[in-house]
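One letter stands for each residue in the lines below.
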Number of protein chains: 2
Amino acid sequence: MVARMHHSASPRKGRTGRPRSVETDHAILHATRAALVDLGWGGLTMSEVAARAGVAKTTLYRRWANKNELVVDAVAVLFDELELPDRGCLQADIEGVVLQFGALLARPETKTALMAVVAESTTDEALRERIRSAIVDRQKRLVQLGRSRAQERGELPADTPGEEGARTAARTMDLIFDVIAGAIVHRTLVSGEPVDAAWGRDFTALFLTGLAGLGDGEPG
Amino acid sequence: MVARMHHSASPRKGRTGRPRSVETDHAILHATRAALVDLGWGGLTMSEVAARAGVAKTTLYRRWANKNELVVDAVAVLFDELELPDRGCLQADIEGVVLQFGALLARPETKTALMAVVAESTTDEALRERIRSAIVDRQKRLVQLGRSRAQERGELPADTPGEEGARTAARTMDLIFDVIAGAIVHRTLVSGEPVDAAWGRDFTALFLTGLAGLGDGEPG
DNA sequence: CGAGTTACGCTACGGGTCGTAGCGTAAAAG
DNA sequence: CTTTTACGCTACGACCCGTAGCGTAACTCG
């Protein structure tokens with residue numbers, strides 16, 4: 001993890017000179033999200049963000065090298081909202097996190113920004129790493145938590161001990177994550193349909209029992 | 001479906017004047033994909049595409065209003081490759097289409113372009129519609145085909161007749177589509193991992209039998 | 001307190017892209 | 001040959017990018 005000189009790793013206590021204003025940090029990130037809502041990704045400019053934040057454009061470039069990194073940080077904090085309260089059973093936990101993530105993606109700033117930076121990350125390795133540490137890892141924690149919680153309840157088989165078991169467990173985690181997050185993202189952004197309670201039930205049913213077991217449930 | 005005057009709806013036989021060159025069409029779309037590979041979405045410019053295609057920049061703007069629409073059309077033809085040969089059983093059919101779609105998304109031009117235009121489409125309704133008709137609908141046809149094929153085999157229950165049954169069938173189709181496509185896209189673009197045979201098997205198992213039935217299969 | 005150090009605002013700049021207008025020419029239909 | 005449309009070329013104003021230079025503000029250390 002290379003500690004760039006960008007943004008606030010920590011105020012570096014033994015540091016001389018005028019410190020960076022954290023208020024300015026927040027103002028910039030907030031202005032970025034607001035501009036994202038109004039203008040979308042393509043219409044977003046550094047000048048616009050600077051103007052909205054009441055800050056000189058040079059101040060932006062002292063903290064972020066380009067638009068991509070700025071937007072990642074601006075959006076990343078939104079993912080802190082994600083939580084996984086214990087709802088008693090695996091099905092309820094999944095439905096809960098699906099609706100949460102769906103609501104997060106329904107917000108115009110995340111909707112617009114997330115796919116754009118992911119697209120850019122395909123040709124920018126540093127950006128990909130920033131996205132991973134700032135966003136993806138936070139989501140994955142939830143998957144891990146939900147899975148181990150279900151294992152404690154006996155709803156899922158415990159991991160096979162040993163190196164091989166750890167590998168398959170990791171693979172399963174990755175698969176689960178891609179399926180859940182991918183479906184929600186695709187539903188929201190590509191299909192353009194809302195992730196509501198009904199869809200959350202349908203998805204969870206498919207996810208838990210598979211395609212074969214689908215449609216055997218209640219009609220409502 | 002508003003018929004824009006853009007690109008080639010059809011040569012309009014009873015039309016006077018010099019016709020548009022279809023070679024120029026292809027040259028531009030090909031140049032767009034090539035430039036996308038080399039420069040990525042952010043680095044792509046209309047001037048660059050025009051130069052690569054050996055065409056005046058004005059010719060580009062006579063056919064496409066902006067970068068987004070050009071890229072959608074340039075990438076859309078790649079989705080024509082998708083097919084669904086009958087592999088005998090539902091599981092094999094799914095694994096096949098998963099690998100196909102994964103291979104398509106592994107190509108740098110699709111990888112880079114797809115998410116970018118989807119991101120833009122969140123603030124551009126016309127672009128969204130263009131994506132839907134040019135890309136999404138082609139994929140959805142495969143889902144429909146695979147499902148009805150499985151129903152004929154008796155692997156899936158037939159649709160309930162009547163209006164209500166049609167609605168739930170449509171909902172199920174949408175759900176299936178979002179889950180499959182979403183997982184592949186997420187795996188490829190966000191997680192940055194390949195959609196290979198092993199992952200295809202794992203995903204299909206999860207998709208068919210659900211999370212509960214996962215891990216009971218063969219260890220290899 | 002003053003010296004050193006860093007952050008900030010402001011202005012200005014070269015370089016690049018955008019999307020369009022204007023014009024002359026090329027290729028089709030009648 | 002006339003009409004109509006497509007094409008290439010040039011030029012243009014508008015905008016954004018990212019940086020340099022400079023004066024000032026804020027904080028630390030001696």
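Bear in mind that the values here come from a model prediction, so they are computed numbers and not experimental data. In every chain, residue numbers begin from 1 and rise along the written sequence. Naming scheme: in the order in which they are written, chains are lettered from A and ligands are numbered from 1. Two thresholds apply to this predicted model, a pLDDT of at least 70 for residue-level local features and 80 or more for giving and counting side-chain atom pairs, whereas whole-chain, interface and lining totals are computed over all residues. With hydrogens and water stripped out, all remaining heavy atoms of the structure feed into the side-chain values.

### A word on the protein's contact with DNA strand C
Thought 1: As a matter of local geometry, DNA strand C sits amid 24 residues, with G17, R18, T59 and R63 of chain A together with Y61 of chain B nearest to it.
Thought 2: We define proximity as follows: a residue is near a molecule or strand when any one of its heavy atoms falls within 4 Å of that partner. For DNA strand C, the backbone portion of the atoms within 4 Å of the protein, that is sugar and phosphate, comes to 62%.
Thought 3: Within the backbone of R18 of chain A, a nitrogen or oxygen atom sits 3.2 Å from a base oxygen of DNA strand C.
Thought 4: Any N or O atom pair separated by 3.5 Å or less is treated as a polar contact, with the protein-specific requirement of one donor-capable and one acceptor-capable atom, and with residues adjacent in sequence counted only for side-chain atom pairs. Taking T58 of chain A, its side chain carries an N or O atom lying 3.1 Å from a base nitrogen of DNA strand C.
Thought 5: Mapped onto the surface near DNA strand C, the elements with two or more residues apiece are α3 (57-63) of chain A together with α2 (46-53) and α3 (57-63) of chain B.
Thought 6: Per-element tally for the surface near DNA strand C: the top contributor is α3 of chain A, with 4 residues.
Thought 7: By residue class, the composition of the surface near DNA strand C is 6 nonpolar, 10 polar and 8 charged. Only DSSP runs of H or I reaching four residues or more are called helices, and only runs of E reaching two or more are called strands; each is numbered from the N terminus. Three categories are distinguished: nonpolar for Ala, Val, Leu, Ile, Met, Phe, Trp, Tyr, Cys and Pro, charged for Asp, Glu, Lys and Arg, and polar for the others, with Gly belonging to the last.

### A word on the interface of chain B and chain A
Thought 1: Chain B puts 45 residues into the contact, and the matching count from chain A is 45 residues.
Thought 2: Taken together, the two surfaces of chain B and chain A that pack against each other cover about 4100 Å², and 63% of this comes from carbon and sulfur.
Thought 3: What gets called buried area is simply the loss in accessible area from a 1.4 Å probe that two parts show on being joined, summed for both. The three residues of chain B that bury the most area against chain A are L175, D178 and L211 of chain B, which together make up 15% of that side's buried surface.
Thought 4: For the pair chain B and chain A, the number of links is 14 residue pairs in polar contact (both at pLDDT 80 or more).
Thought 5: For the side of chain B that touches chain A, the secondary structure elements donating two or more residues are α1 (22-43), α6 (108-121), α7 (125-153), α8 (163-190) and α9 (197-209) of chain B.
Thought 6: No other element matches the 14 residues that α8 of chain B contributes to the side of chain B that touches chain A.
Thought 7: Broken down by class, the residue content of the side of chain B that touches chain A amounts to 25 nonpolar, 12 polar and 8 charged. We call two residues in contact when some of their heavy atoms are within 4.5 Å.

### Regarding helix α5 (residues 90-106) of chain B
Residues and elements named next belong to chain B.
Thought 1: To estimate the expected span of a helix, subtract one from its residue number and multiply by 1.5 Å. For α5, which comprises 17 residues, the first-to-last C-alpha distance of 24 Å matches the rise-based estimate of 24 Å (1.5 Å per residue) to within 8%.
Thought 2: Taken together, the buried positions of α5 are occupied by L90, D93, I94, E95, G96, V97, V98, F101, G102, L104 and L105.
Thought 3: The inward-facing, buried residues of α5 abut α6, α7, α8 and α9. In this scheme, a residue with accessible area under 20% of its type's maximum is buried, one over 50% is exposed, and one in between is partly exposed, where area comes from a 1.4 Å probe on protein chains only.

### Concerning the nonpolar core
Thought 1: Only buried Ala, Val, Leu, Ile, Met, Phe, Trp, Tyr and Cys residues count toward a nonpolar core, and they belong to the same one when joined by side-chain atoms within 4.5 Å. In terms of nonpolar packing, the biggest core is built from 134 residues, with F203 and F207 of chain A together with F203 and F207 of chain B touching the most fellow members.
Thought 2: Non-local contacts of F207 of chain A, meaning those with residues more than four positions away in its chain, are made with I94, I176, V179 and I180 of chain A together with L206, G210 and L211 of chain B.

### Looking at the protein's contact with DNA strand D
Thought 1: Around DNA strand D, 24 residues are found, and the nearest of them are Y61 of chain A together with G17, R18, T59 and R63 of chain B.
Thought 2: Contact between DNA strand D and K57 of chain A: a base oxygen at 3.1 Å from a side-chain N or O atom of the residue.
Thought 3: Between DNA strand D and R18 of chain B there is a distance of 3.2 Å, counted from a sugar or linking oxygen to a backbone nitrogen or oxygen.
Thought 4: For the surface near DNA strand D, the secondary-structure elements that each account for two or more residues are α2 (46-53) and α3 of chain A together with α3 of chain B.
Thought 5: If one sorts the elements of the surface near DNA strand D by residue count, α3 of chain B sits on top with 4 residues.

### So, the relation of the copies chain B and chain A
Thought 1: You can overlay chain B on chain A at an RMSD of 0.0 Å; the transform is a turn of 180 degrees with a shift of 0.0 Å along its axis. This pairing of chains is accounted for by a two-fold axis.
Thought 2: Most of the interface of chain B is mirrored in chain A, where 98% of its interface residues again form contacts. Alignment of copies: least-squares fit on C-alpha atoms of residues with pLDDT of at least 70 in both copies.

### A word on the pattern of salt bridges
Residue and element names in this part refer to chain A.
Thought 1: Think of a salt bridge as a Lys or Arg side-chain nitrogen and an Asp or Glu carboxyl oxygen that are within 4 Å of each other. Throughout the structure, instances matching the rule amount to 40 salt bridges over all chains.
Thought 2: A salt bridge links R132 to E129, with the nearest nitrogen and oxygen atoms 3.9 Å apart. Of this pair, R132 and E129 both sit in helix α7 (residues 125-153), 3 residues apart, which is roughly one turn of that helix.
Thought 3: The class for R132 is partly exposed, based on a relative accessible area of 25%.

### Here we look at the domain arrangement of chain A
Residue and element names in this part refer to chain A.
Thought 1: For the purposes of this description, domain bounds are those given by an automatic or database domain assignment. Here the domain parsing of chain A yields domain 1 (22-63) and domain 2 (79-209).
Thought 2: Just the C-alpha atoms count here: the centres of domain 1 and domain 2 sit 29 Å apart.
Thought 3: The contact between domain 1 and domain 2 buries some 510 Å² in all, and 86% of this surface belongs to carbon and sulfur atoms.
Thought 4: When residues of domain 1 are sorted by the area they lose upon contact with domain 2, L36, V37 and W41 head the list and together hold 83% of the total.
Thought 5: Our enumeration of links across domain 1 and domain 2 arrives at 0 salt bridges.
Thought 6: At the surface where domain 1 touches domain 2, the tally comes to 0 residue pairs in polar contact (both at pLDDT 80 or more).
Thought 7: For the side of domain 1 that touches domain 2, the class distribution of residues is 3 nonpolar, 1 polar and 1 charged.

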